[in-house]
Amino acid sequence: MTYIAKPKFRHPSLPTNALGFTRRDYEGTVSTLCAGCGHDSISAAIIQACFELSLPPHRIAKLSGIGCSSKTPTYFLGASHGFNSVHGRMPSVLTGANLANRELVYLGVSGDGDSASIGLGQFAHAIRRGVNMLYIVENNGVYGLTKGQFSATSDRGSKSKKGVVNTDEPIDLVGMALQLGATFVGRSFSGDKAQLVPLIKAGLLHGGAAFIDCISPCVAFNNHEGSTRSFDYVRAHNEAVNRLDVIPARAEITADYAPGETVDVRQHDGSVIRLKKVAADYDTSDRVGALTYLQRRQEAGEIVTGLLYLDEEPVDLHQSLKTAEKPLNALSDAELCPGAGELAKFNASLR
Amino acid sequence: MKPTDIAAPDYFHKVVDCQWACPAHTPVPEYIRLIAGKRFADAYMVNWKSNVFPGVLGRTCDRPCEPACRRGRVEAEPVAICRLKRVAADNKGDVGGRMPAPAPRNGKRVAVIGAGPASLTVARDLLATGYHVTIFEQDPFAGGMIRTQIPRFRLPESVIDEEVGYILALEPELRLGKRVDSLKAVLDEGFDAVFVGCGAPRGRELDVPGRQEAAANIHIGIEWLASVSFGHTTSVGKRVIVLGGGNTAMDCCRSSRRLGGAEVTVVVRSGFEEMKASPWEKEDAMHEGIPIRNFLVPKEVLHDKGKLTGMRFTKVKPEFDAKGRRNLVPTGEADVDIPCDDVLVAIGQENSFPWIERDIGLEFDKWGMPVVDPKTMRSTNPKVFFGGDAAFGPKNIIWAVAHGHEAAVSIDRMCHGLDPAQRPAPGTSLVSQKMGIHEWSYDNDIAADKRHKVPQRDPEETLKDIRVEVELGYDDMLAYKEAERCLNCDVQTVFSAKLCIECDACVDICPMDCITFTADAPEDELRANLMAPAKNASQDIYVANGLKTGRIMAKDEDVCLHCGLCAERCPTGAWDMRKFLLEMTHAGHACRKG
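Residues numbered from 1 in each chain as written. Chains lettered and ligands numbered in written order. Predicted model: local features only at pLDDT ≥ 70, side-chain atom pairs only at ≥ 80, totals over all residues. Heavy atoms only, no water.

1. Notes on the packing of helix 3 (residues 28-36) of chain B against helix 4 (residues 40-51) of chain B
All names here are of chain B. At a minimum axis separation of 7 Å, helix 3 and helix 4 run at an interaxial angle of 165 degrees. What the angle tells us is that helix 3 and helix 4 run roughly antiparallel. The handedness of the crossing between helix 3 and helix 4 comes out as left-handed. Of the residues in helix 4, those touching helix 3 at Tyr31, Leu34 and Ile35 are Phe40, Asp42, Ala43, Val46 and Asn47. Residue classes in the contact of helix 3 with helix 4 are distributed as six nonpolar, one polar and one charged. (Axes fitted to C-alpha atoms, helices over the stretch in contact; angles between N-to-C directions. Helix = DSSP H or I, 4+ residues; strand = E, 2+ residues; numbered from the N terminus. Parallel < 35°, antiparallel > 145°, perpendicular 65-115°, else oblique. Left-handed = near helix turned anticlockwise from the far one by under 90°. Contact = heavy atoms within 4.5 Å. Nonpolar A, V, L, I, M, F, W, Y, C, P; charged D, E, K, R; others polar.)

Next up, the structure:
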């Protein structure tokens, strides 16, 4: 970790966003993670994404569980709401918070231990319920805080720092998210902000359960020869299916690509995701096709990244449950307590 | 873009903006750290070696370092480098034991003409390495303009005596109180080399009607200041007009306030902003109740049968021609009359060399200035060297010192049969400052303090006596706080591409967005596409290649805080903080290599 606080001085030509904030205004306190941790790059990407979207920091809620990844919300969005839950229980707390106040932007930050081991069930159910959130797993394939044991996402055959070979099958969180009905699924790499930042932006704007599996090398325990999560390995095996730009609602859409090279996908809030295709035959609207493609490429030893699946018309938990339009804290006494007559009517409807 | 050669001495030297801007290239951050550590004597000696007159310069320097200071680009105002230098001088204690002893003579004889800062620098450098140096000076004291032109309320005599004394202790031969009338005569004495450091001794004249008639109360600024300095002039009229906008004018007006001038007015031809005086000197003058009136051109001296009564000025305004040159044209408004009892003319200084024969192989240009090589300070007569104001016209003390060092190197090389045109390389070192994990030998926590004001004595007290120094100097605590504002720009960020794993940790932590990993491109393109665009073209981009992904590392040096966070967050030690120390090579053994 670093002992000194990051100086407040900033570059004189640092741009400001629509709210008048610079990127620095979206930072948190200085990271206490190991130097070079991939998670810090993901934090920087989240900061950049929120800055570029001009999100008011006080309208964002960041929730996490336990682990290196779950420590990171301290290091970004210092002026946002935050909740550090019990290990693996972030999805439940997030679901509850979202039900109480649907007007905030929900960002769940978790790791492979927090989501694929102790919190696997929580992860699964939050996704299948369609909670409107962006769920990011900072996936380093190792238990860093306990000094380097394999995690549930470590690849079979990969080697630990001490030379032990992993014999267990990995849990593929992207595959699970697709199967469980996530309406936005992506995978990226902490070492590729050009891909990661727009993916986070698109996920934050998405109106349903958005999931990003972000590979994040652990420099202390999983960045060696034989690891499948090292900077070198991921760079060598990274196969992006697409690159994207996110054009917020109301912004002018300019075409600077030849037709056929890009596909524009309009999201519910009016924003447009412009996909630059890398794999020509990849279709982000085909869920089953995505599952098949991913497994084929995985078999070939490739790590597929990019926006993997997108449902343009997601249905979120509030729509399914037909909840009140307003957040609970904005409902008046009269709305919350409509009186004995209404209660009697309601009871009668159930008889 | 071409990868940066960090082994070239100039590269990191340029990053240390203050040192690069200083004509003498004093290692500024080095001595500021020593001041912060209360090692005042050490800080003084770093200065003394480089600029010879730390106590004098700590009060009077023109401070080219301060406008260059990186702090000014990062925050609002530069570090008060000059006044920190004074702190070292004021608190050093006895440094007599650290001064060089008179060296055994090497048999070579050098004459220096004038005993001002340039000449004394030549004398010090050469005496310490064994030359017999003879100093010629018209005044009965050594010190030159430091002693005659800078008023005592800015620079106490004791400081001059001490610092001139360190040089006189090296036992030069002194020929004081006698003006040199012939350079030929000096050369005929058989000196191996002659250095001319006689300054720009003539004040420019005012040429308007009435000047001659009212001459009794019209004085040339530098002559008047010298007369005040030597105690010949002890009073001035109640109402004084000072003509001119340079530092001499500021000294004249402030001196007048102390010698009985109750209504002192500075009048300048140009605009207030274009005045030559340093901003802080203008500020100090105005602080003492002296108005500065601009865009007024002297038209006439008003007098009553030779008795000065005032001056008449034409009002002008600036107009720019097609080539962007400024002309002052009359506004057509009524002339302005300012009544006064004395006029001080401080509108410039000129060189004058009536004592140099034109037939001794020493060429002069069409402006009457000697032809001098700016690198070697050598004239067209191979034995004669120039420096200070005598070389290229009026500049300031620190330039004079820098000229002196260069001339001494030239003389030393020439006297050893070496070509003075070949200049010795500076001495440099680059040493890691890492002491442990996240522990550096310098304080890398950036202080947010704004520039601290130097405490001054009450004007009630200072305006009464011209010998009372106005500035009190920083006390220990203020000095420490001001020293902590220094960004330690000499502690360089050094990058080793072969260790880098491209994890982006440095990019993410850098508070100033200095670092970018990107595809190589020509410089213009690269500058526009960094994390933050590098618009300051005077600052270099540090480029390194050899990364695994084939990208380059590009670091904009412009606003780097040298906080070392890149090195702290680097998991592989690809970034290291290394102190770059550059010391100019002065006369002596080191300058004779090659």
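That covers the picture; the talk isn't over yet.
2. Brief notes about the domain arrangement of chain B
Residue and element names in this part refer to chain B. Here chain B is partitioned into domain 1 (20-94 + 447-483), domain 2 (99-201 + 351-415) and domain 3 (203-349). Distance from the C-alpha centre of domain 1 to the C-alpha centre of domain 3: 30 Å. Tallying the contact residues gives eleven residues for domain 1 and twelve residues for domain 3. The largest share of the area that domain 1 buries against domain 3 comes from Arg63, Leu463 and Ile466, three residues that together contribute 52% of it. Between domain 1 and domain 3 we count zero salt bridges in total. On the surface where domain 1 and domain 3 come into contact, there are three residue pairs in polar contact (both at pLDDT 80 or more). Among the residues making up the side of domain 1 that touches domain 3, the classes are represented as five nonpolar, two polar and four charged. (Domains from an automatic or database assignment. Buried area = accessible area lost by both parts, 1.4 Å probe. Salt bridge = Lys/Arg side-chain N within 4 Å of Asp/Glu carboxyl O. Polar contact = N/O pair within 3.5 Å; in protein donor to acceptor, adjacent residues only side chain to side chain.)

3. What to know about the layout of surface pockets
By volume, the second largest pocket is sized at about 1,300 Å³. Taken together, 49 residues form the lining of the second largest pocket, with Arg23, Gln48 and Lys193 of chain A together with Asp508 and Met531 of chain B sitting closest to its centre. Residue assignment for the lining of the second largest pocket shows that the elements contributing at least two residues are helix 1 (38-52), helix 7 (193-205) and strand 10 (242-247) of chain A together with helix 20 (505-509) and strand 21 (515-518) of chain B. Element by element, the count of residues in the lining of the second largest pocket is highest for helix 1 of chain A, at eight residues. The residue makeup of the lining of the second largest pocket, split by class, is 20 nonpolar, nine polar and 20 charged. (1 Å grid on protein atoms, 1.4 Å probe; cavity = no way out; pocket = protein on both sides within 12 Å on 5 of 7 lines; lining within 4 Å. Points joined across faces, edges and corners; volume = space filled by probe spheres on them.)

4. Some points on helix 4 of chain B
Residues and elements named next belong to chain B. Taking 1.5 Å of rise per residue, twelve residues should cover 16 Å, and helix 4 covers 16 Å from first to last C-alpha, within 8% of that figure. Burial within helix 4 is extensive, with nine of its twelve residues counted as buried. For helix 4, the full list of buried residues reads Phe40, Ala41, Ala43, Tyr44, Met45, Asn47, Trp48, Ser50 and Asn51. At the exit of helix 4 stands valine 52, carrying a positive phi of roughly 65 degrees. (Expected span 1.5 Å × (residues − 1). Buried < 20%, exposed > 50% of the residue type's maximum accessible area, 1.4 Å probe, protein only.)

5. Regarding the pattern of salt bridges
Using the criterion set out here, one finds 69 salt bridges over all chains in the structure. Residues lysine 6 of chain A and glutamate 27 of chain A are paired through a salt bridge, measuring 2.8 Å at the closest nitrogen-oxygen approach. Placement of lysine 6 of chain A in the segment before helix 1 and of glutamate 27 of chain A in the segment before helix 1 is noted, with a sequence separation of 21 residues between them. The pair formed by lysine 6 of chain A and glutamate 27 of chain A is uniform in burial state, with each residue classed as buried. The partner of aspartate 465 of chain B in a salt bridge is arginine 467 of chain B, and the shortest N-O contact between them spans 3.4 Å. For aspartate 465 of chain B, a relative accessible area of 26% puts it in the partly exposed group.

6. Let's talk about the sheet that holds strand 20 (residues 491-495) of chain B
Residue and element names in this part refer to chain B. Read from one edge to the other, the open sheet built from three strands follows the order 17-24-20, with strand pairing classed as antiparallel. What marks the edges here is a single partner per strand, and that holds for strand 17 (427-432) and strand 20. Going from strand to strand, the sheet's axes swing by 35 degrees on average, the running direction of each strand aside. Both strand 17 and strand 24 (residues 575-583) contribute to a ladder of six bridges, which runs antiparallel. Opposite serine 432, over in strand 24, you have arginine 578 as the bridge partner. (Pairing = 2+ DSSP bridges.)

7. A few points about the interface of chain B and chain A
Residue-level contacts link 38 residues of chain B with 30 residues of chain A. Linking chain B to chain A there are five salt bridges. Lysine 193 of chain A is paired through a salt bridge with aspartate 504 of chain B; the nearest N and O atoms lie 2.9 Å apart. In this structure, the connection of chain B to chain A is made through 15 residue pairs in polar contact (both at pLDDT 80 or more). Contributing elements (two or more residues each) for the side of chain B that touches chain A: helix 7 (71-74), helix 20 and helix 22 (565-569) of chain B. Of the residues in the side of chain B that touches chain A, the class split is 21 nonpolar, three polar and 14 charged.

8. What about the packing of aromatic side chains?
Residue and element names in this part refer to chain A. In total, this model carries 17 aromatic pairs over all chains according to the counting rule given. Ring geometry for tyrosine 282 and tyrosine 293: centres 4.8 Å apart, planes at 70 degrees, overall edge-to-face. Of this pair, tyrosine 282 sits in the loop between strand 12 (272-277) and helix 9 (287-299) while tyrosine 293 is found in helix 9, placing the two residues eleven residues apart along the sequence. Judged by its relative accessible area of 5%, tyrosine 282 is buried. (Phe/Tyr/Trp six-rings, centres within 6.5 Å; stacked < 30°, edge-to-face > 60°.)

9. Points about empty space enclosed by the protein
Residues and elements named next belong to chain B. All told, the structure shown has eight cavities of 30 Å³ or more when counted by the stated rule. A volume near 160 Å³ is recorded for the largest cavity. Around the largest cavity sit 16 residues that line it, and Arg59, Arg83, Arg154, Asp284 and Glu471 are the ones nearest its centre. If you list the elements that add at least two residues to the lining of the largest cavity, you get helix 5 (54-60), helix 8 (81-91) and helix 15 (279-287). Residue classes in the lining of the largest cavity are distributed as four nonpolar, two polar and ten charged.

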